[in-house]
Amino acid sequence: MRKAGGVKVKRRNILLLVTALVVVIVVIVWKSCGDNEPTDEELLADAKKTAIKHCGSCHEPPDASLLDSATWDKYILPAMGAKLGMRPFMDQYVAGPRATLSLADWTKIVVYYRYASPKKLKIPKPDAVLDSAIFSVKRPAIVDTKSGEAMTTMVKFNPVDQHFYTGDAGNKLYRWNSDLTATLIKKFHSPITDVVFYQSATEPNSAVITCIGILPPNDALKGSLTLINLDKKSNDTVLMADSLPRPVKSAAADFNKDGLMDYVSCGFGHDRGGLFLLQQQANHIFKRKIIRAIPGPEVVYTGDFNGDGWPDIACLFAQADEGIWLFLNDKQGGFTTQNIMHFPSVYGSSSFQLVDINHDGKLDIVYTCGDNNDYSPIFKPYHGVYIFTNQGNWKFKQTYFYHINGCSKAIAADFDKDGDFDLAVMAFFPDYKYHPTEGFTYHEQVSPGKFKVHEVPINLLGRWISMDAGDIDGDGDTDIVLGNFSVGAQGLMNQKDYKPNWDMYEPIIVLQNKTIRK
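The numbering scheme is per chain: residues are counted from 1 as the chain's sequence reads. For a predicted model such as this one, the threshold for reporting local features is a pLDDT of at least 70, and the threshold for listing and counting side-chain atom pairs is 80 or more; totals across whole chains, interfaces and linings nevertheless cover every residue. Just so you know, side-chain values use all the structure's heavy atoms and leave hydrogens and water out.

## Things to note about helix H2 (residues 40-55)
Link 1 in the chain: Every helix listed is a DSSP run of H or I at least four residues long, and every strand listed is a run of E at least two residues long, numbered separately from the N terminus. Any helix carries an expected span of 1.5 Å times its number of residues minus one. For H2, spanning 16 residues, the distance from its first C-alpha to its last is 22 Å, which sits close to the expected 22 Å at 1.5 Å a residue.
Link 2 in the chain: Residue exposure (1.4 Å probe, protein chains only): buried if accessible area is under 20% of the type maximum, exposed if over 50%, otherwise partly exposed. Taken as a whole, H2 has its buried residues at Ala47, Thr50, Ala51 and Cys55. Each buried residue of H2 sits inside an arc of 110 degrees when the element is viewed along its axis, so together they form one side. When the buried face of H2 is taken as reference, the exposed residues oriented beyond 90 degrees from it are Glu41, Lys49 and Lys53. The directions from the helix axis to the C-beta atoms form the arc being described.

This is the structure in structure tokens:
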């Protein structure tokens, strides 16, 4: 025991000596630029350049001001250092055998984020009215309280049959009627995260089901896309693709114009993942191609974005290298890549929508960030909903921002039927302890680019992880359905001392639009 302890103490002394030497070397390097000792401002400026150089090689380099110093020090720097081969040791770091940069440069990065960051972030105060706006709440006719807590993973309105569908962590797909009674359609092999509905002459009401595989972050290749005919009582399915890395969203288009529908799927993964093209062959087998081999694709759309008559792809990536990319069809079976927006890696991008907000003929971006279940689970002043207005040639200007803690999705639609777009916005990580009503907000556009924000008090009815909009009751206006993922444990709460007080069993609620039509 003594011998082992002596060896451990000796090793610790050696590591301390190495760390001290590195600090001395860094100071010498800084001083070598001149005879005068650099000021603190000069040291931080040099450290910032080093941080931008190395961090910017993988993603948009975050400014130190985006997080408080304690969060950088305790959570972000150790996680970042591990990816670069740096090991934390007694409030310092040592370079491992696979280090990808010098210890001197890493020390500069640590200095920048430790000492250029604020002690505390300033969170904006809410500016909203507390009311139900144009909505009334409708709840399920029957709620199963015996099968466990509600863990809805997907809600989607089907324009073909005018019903909405839900998926849950129990791998089940349900169809809901307007009176909010559910019918089980089929149980799949894993939780459902998305549905693409479609109809054709031979398949009047079918869907492609995206199954994630395993819900918590992982790199297991367990995800799949499956075709199902929703009208057949047998509900026969056809497996289109399997072994996908945690797919979360999919979209359809005939990319090569051969008359057969193809699909693009977001393999979010964890440390590995990518955006995949599933191209249908003449024998109806799907050939898989990788479009971008980067983890984190989260939301995807298809459309002719450059006006050449061929379908393209727009995708939000939300893991480290956060941003929105266009993949323009090269008409030869591939795509050219164009980044149109970049966000710092600490933003927690959560959704985007392409919509012509100002009716000028150009697609604008409604964007949310607020994923707060990673290395920095603190409230952030830049979390919320944004509008970026298209200035032409896919260049954007921010024209709206409203702060919402843990913001997770926004839908733009003319909810009040006055001719302009409003926003329905939900948050999965709001301030449950002091401001729970920010979990769902309705942003009523009262004049061009100006919004009145309503906090709709539905926080006791569930914890909203999914949302879709459609005319659910068939009265001519747009309603909203919210999916309840009620579980508050397993690392899904930032406020560790808060005990969930929302409904744990209702899988969904509907916000029925009460707009009076003139």
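## Details of the side chain of Glu298
Link 1 in the chain: Looking at the element boundaries, Glu298 is found in strand S17 (residues 297-303).
Link 2 in the chain: Buried charge Glu298 goes without a salt bridge, the closest partner of opposite sign being Arg246 at 8.8 Å. Positive: Lys, Arg. Negative: Asp, Glu. His and the chain ends are not part of the count. A pairing counts as a salt bridge when a side-chain nitrogen of Lys or Arg comes within 4 Å of a carboxyl oxygen of Asp or Glu.

## A few points about the pairing of strand S9 (residues 192-198)
Each regular strand carries side chains that alternate between the two faces of the sheet.
Link 1 in the chain: With respect to burial, S9 is a largely interior element, 7 of its 7 residues being buried.
Link 2 in the chain: Direction of pairing for S9 relative to strand S10 (residues 206-211): antiparallel, over a ladder of 6 bridges. Across the sheet, the residue bridging to Asp194 is Thr210, located in S10. The rule for pairing is simple: two strands pair if DSSP sees at least two bridges between them.

## What to know about the packing of aromatic side chains
Link 1 in the chain: Aromatic rings from Phe, Tyr and Trp, taking only the six-membered ring of Trp, are treated as a pair when their centres fall within 6.5 Å; an angle between ring planes under 30 degrees marks them as stacked, one over 60 as edge-to-face, and anything in between as tilted. Under the defined criterion, the tally for this structure stands at 29 aromatic pairs.
Link 2 in the chain: An aromatic cluster is defined as three or more aromatic residues linked by ring pairs; in this entry it consists of Phe343, Tyr347, Tyr367, Tyr382, Tyr386, Phe388 and Phe401.
Link 3 in the chain: Definition used: whenever NZ (Lys) or CZ (Arg) falls within 6 Å of the ring centre and also within 35 degrees of the ring normal, the charge is taken to sit over that ring. Above the plane of the ring of Trp325 lies Arg292, whose end atom (NZ or CZ) is 4.0 Å from the centre.
Link 4 in the chain: Lying over the aromatic face of Phe429, Arg463 brings its terminal NZ or CZ to 5.2 Å of the ring centre.

## Quick notes on the domain arrangement of the chain
Much of the literature gives interface size as the accessible area that the parts lose upon coming together.
Link 1 in the chain: As assigned here, the chain comprises domain 1 (14-116) and domain 2 (129-513).
Link 2 in the chain: Domain extents, as shown, originate in an automatic or database domain assignment. The distance between the C-alpha centroids of domain 1 and domain 2 comes to 38 Å.
Link 3 in the chain: Two residues form a contact once any of their heavy atoms are found within 4.5 Å. Each side of the interface is counted separately: domain 1 has 13 residues, and domain 2 has 14 residues.
Link 4 in the chain: We define buried area as the total accessible area lost by two parts upon association, computed with a 1.4 Å probe and summed across both. Note on domain 1 versus domain 2: buried area summed over both sides is about 1100 Å², and carbon and sulfur give 70% of it.
Link 5 in the chain: Considering only the side of domain 1, the residues that lose the most area to domain 2 are His59, Glu60 and Leu66, jointly responsible for 44% of the buried surface there.
Link 6 in the chain: The salt bridge involving Asp271 is made with Lys83; its shortest N-O contact spans 3.6 Å.
Link 7 in the chain: Pairing of N or O atoms within 3.5 Å defines a polar contact, subject to two protein rules: one partner must be a possible hydrogen donor and the other a possible acceptor, and residues neighboring in sequence count only if both atoms are side-chain atoms. Remark: the boundary between domain 1 and domain 2 carries 3 residue pairs in polar contact (both at pLDDT 80 or more).
Link 8 in the chain: Only Asp, Glu, Lys and Arg are considered charged, only Ala, Val, Leu, Ile, Met, Phe, Trp, Tyr, Cys and Pro nonpolar, and every remaining residue, Gly among them, polar. Across the side of domain 1 that touches domain 2, the residue classes tally to 8 nonpolar, 2 polar and 3 charged.

## With respect to the pattern of salt bridges
Link 1 in the chain: Per the counting criterion, the structure on display carries 13 salt bridges.
Link 2 in the chain: For the salt bridge of Asp503 with Arg139, the shortest nitrogen-to-oxygen distance reads 3.9 Å. On the criterion of sequence distance, the pair formed by Asp503 in the loop between strand S30 (479-484) and strand S31 (508-513) and Arg139 in the loop between strand S4 (135-138) and strand S5 (152-158) is long-range, its members being 364 residues apart.
Link 3 in the chain: Salt bridges linked by common partners bring Arg139, Asp503 and Glu506 together as one network.

## Focus: the nonpolar core
Link 1 in the chain: Side-chain atoms within 4.5 Å are what join buried Ala, Val, Leu, Ile, Met, Phe, Trp, Tyr and Cys residues into a set we call a nonpolar core. Counting residues in each nonpolar core, the largest one holds 42 residues, and the members touching the most others are Trp106, Tyr113, Ile365 and Tyr367.
Link 2 in the chain: Top element by residues in this core is helix H4 (residues 103-115). It accounts for 6 residues.
Link 3 in the chain: Viewed by domain, this core spans two of them, domain 1 (14-116) and domain 2 (129-513), each represented by three or more residues.

## Let's talk about the sheet that holds strand S13 (residues 247-253)
Strand pairing within a sheet occurs via backbone hydrogen bonds; the two strands may be parallel or antiparallel.
Link 1 in the chain: Spatial strand order, S13-S14-S15-S16: 4 strands in an open sheet with antiparallel pairing. What marks the edges here is a single partner per strand, and that holds for S13 and strand S16 (286-292). Along the sheet, successive strands turn relative to each other by an average axial angle of 25 degrees, direction set aside.
Link 2 in the chain: Relative to strand S15 (residues 274-280), strand S14 (residues 262-267) runs antiparallel, the two sharing 5 bridges. Within S15, the residue paired with Tyr263 across the bridge is Leu278. Lines fitted to the C-alpha atoms define the axes, with helices restricted to the stretch that makes contact. Angles between their N-to-C directions range from 0 to 180 degrees.

## Comments concerning the pairing of S10
Link 1 in the chain: For S10, the buried fraction is high: 6 of the 6 residues fall into the buried class.
Link 2 in the chain: Side chains of S10 alternate between two faces, with Ser206, Val208 and Thr210 and Ala207, Ile209 and Cys211 buried alike.

## Focus on the packing of helix H3 (residues 69-83) against H4
Link 1 in the chain: It is the contact of H3 with H4, at a shortest axis distance of 9 Å, that shows an interaxial angle of 155 degrees. With respect to their mutual orientation, H3 and H4 come out roughly antiparallel. For the element pair H3 and H4, the recorded crossing hand is right-handed. Residues Ser69, Trp72, Asp73, Leu77, Met80 and Gly81 of H3 form the contact with H4, whose own contacting residues are Trp106, Ile109, Val110, Tyr113 and Arg114.
Link 2 in the chain: Among the residues forming the contact of H3 with H4, the class breakdown is 7 nonpolar, 2 polar and 2 charged. For classification purposes, angles smaller than 35 degrees are called roughly parallel, those larger than 145 roughly antiparallel, those between 65 and 115 roughly perpendicular, and all remaining angles oblique. Two helices cross in a left-handed way if the nearer one is turned anticlockwise from the farther one by less than a right angle. They cross in a right-handed way if the turn is clockwise.

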